[in-house]
Amino acid sequence: MDPISNMIIMIKNASLAGNETVLLSSSKIKNAILNCLKKEGYISDFSKKVKKNGTYLEVKLIYIDNKPRITDVERISKQSRRVYFGMKDIHPVRSGSGTLVLSTPKGILSGKEARHEQVGGEALFKIW
């Protein structure tokens, strides 16, 4: 399976189920994606946990009026088909209520940050 798809689906399912936290296996790209989601206000915090069978990331989810902040995600680039956006192709997601997450030469950035930095890159997923 695709580890990024697995991660975002696990976060979405945990938030819709009403869980306060979710445990994910750790990697550098997941850490960078979680940093981006934290900056954009989709998760409150995350921390690294070391257990007997490996290293995990514990993600704390946000709820507003008992409704999850993350209601849906959509993977754009897949392992079989990569999708790249230029700076001019980056548009607001769901009239500004969502975020596009990209892998750029300057690291993992949201759509707003990528336009501000004037870079394009591989579109990983949309979240709202």
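Just above sits the structure.
So, here is what we can say about the structure in this document. Quick caveat, the model's predicted, so the values are computed rather than measured.

## Some details on helix α1 (residues 3–17)
Right, so step 1: Across its 15 residues, α1 extends 21 Å between first and last C-alpha, which sits within 8% of the 21 Å expected from 1.5 Å per residue.
Right, so step 2: Listing the buried residues of α1 in full gives I4, S5, M7, I8, I11, K12, A14 and S15.
Right, so step 3: G18 lies just past α1 and shows a positive phi near 90 degrees.

## Regarding the packing of α1 against helix α2 (residues 28–39)
Right, so step 1: The contact between α1 and α2 brings their axes to 10 Å, and the two run at 40 degrees. Our classification of the angle between α1 and α2 gives oblique. Considering how the two elements wind past one another, α1 and α2 form a crossing that is right-handed. Contacts between α1 and α2 pair P3, I4, M7 and I11 from the former with I29, K30, I33 and L34 from the latter.

## A few points about the pairing of strand β10 (residues 121–127)
Right, so step 1: For β10, a buried count of six out of seven residues is recorded, marking the element as mostly surrounded by other parts of the structure.
Right, so step 2: Sheet topology places strand β6 (residues 73–75) next to β10; three bridges connect them, and they run antiparallel. From the neighbouring strand, R75 faces β10, where its bridge partner is F125.
Right, so step 3: Pairing of strand β7 (residues 84–85) with β10, which is carried by two bridges, proceeds in the antiparallel orientation.

## A look at unusual backbone geometry
Right, so step 1: The phi dihedral of D65 is positive, around 55 degrees, even though this residue is not glycine.
Right, so step 2: Looking at the element boundaries, D65 is found in the loop between β4 (63–64) and β5 (67–68).
Right, so step 3: With a relative accessible area of 71%, D65 lands in the exposed category.
Right, so step 4: Phi at N66 takes a positive value of approximately 60 degrees, unusual for a residue other than glycine.
Right, so step 5: Its location among the elements puts N66 in the loop between β4 and β5.

About the criteria used
- Residues numbered from 1 in each chain as written.
- Predicted model: local features only at pLDDT ≥ 70, side-chain atom pairs only at ≥ 80, totals over all residues.
- Heavy atoms only, no water.
- Helix = DSSP H or I, 4+ residues; strand = E, 2+ residues; numbered from the N terminus.
- Expected span 1.5 Å × (residues − 1).
- Buried < 20%, exposed > 50% of the residue type's maximum accessible area, 1.4 Å probe, protein only.
- Axes fitted to C-alpha atoms, helices over the stretch in contact; angles between N-to-C directions.
- Parallel < 35°, antiparallel > 145°, perpendicular 65-115°, else oblique.
- Left-handed = near helix turned anticlockwise from the far one by under 90°.
- Contact = heavy atoms within 4.5 Å.
- Pairing = 2+ DSSP bridges.

These values are about where atoms sit, not about what they do.
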